[in-house]
Amino acid sequence: MKPIKIIKTVLRALVAVPCAIFLWVVYFTVGMFEALISGVLQIVWGIVLFGFSLVCIIGVFVWILTL
């Protein structure tokens, strides 16, 4: 290889490595936020379903008692 090609390859590698690290950090951060939001939404959805189930059960008991 010519020395100029070696220098160009080294410069490309020096640029590519920080870009790859930056993209990995962004990907990791977005993944962590997604997991956090997903966990929070899962907890909220569980509470909503529990509340709805509880209301249905209480409604059935009240309906049975009023017969």
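The structure contained in this document is the topic of the report that follows. (Residues numbered from 1 in each chain as written. Predicted model: local features only at pLDDT ≥ 70, side-chain atom pairs only at ≥ 80, totals over all residues. Heavy atoms only, no water.)

Regarding the packing of aromatic side chains
Alright, step 1. The tally for this structure, following the rule as stated, stands at one aromatic pair.
Alright, step 2. Residues W24 and F28 carry aromatic rings whose centres are separated by 5.4 Å and whose planes lie at 15° to one another, so their mutual orientation is stacked. Here the residue W24 and the residue F28 both occupy positions in helix α1 (residues 3-65), the gap between them amounting to four residues, near one helical turn.
Alright, step 3. The exposed category is assigned to W24, whose relative accessible area is 53%. (Phe/Tyr/Trp six-rings, centres within 6.5 Å; stacked < 30°, edge-to-face > 60°. Helix = DSSP H or I, 4+ residues; strand = E, 2+ residues; numbered from the N terminus. Buried < 20%, exposed > 50% of the residue type's maximum accessible area, 1.4 Å probe, protein only.)

Concerning a nonpolar patch on the surface
Alright, step 1. Among the surface-exposed residues, F33, L36, I37, V40, L41, V44, W45, V48 and L49 lie close enough to one another that they form a single nonpolar patch of about 900 Å² accessible area.
Alright, step 2. Locating L49 in the fold gives a position in helix α1.
Alright, step 3. By relative accessible area, which is 39% here, L49 ends up partly exposed. (Patch = residues over 30% accessible without salt bridge, like charges linked within 9 Å, V, L, I, M, F, W, Y side chains within 5 Å. Areas by Shrake-Rupley, 256 points an atom, 1.4 Å probe, with all protein chains shown as cover. Salt bridge = Lys/Arg side-chain N within 4 Å of Asp/Glu carboxyl O.)

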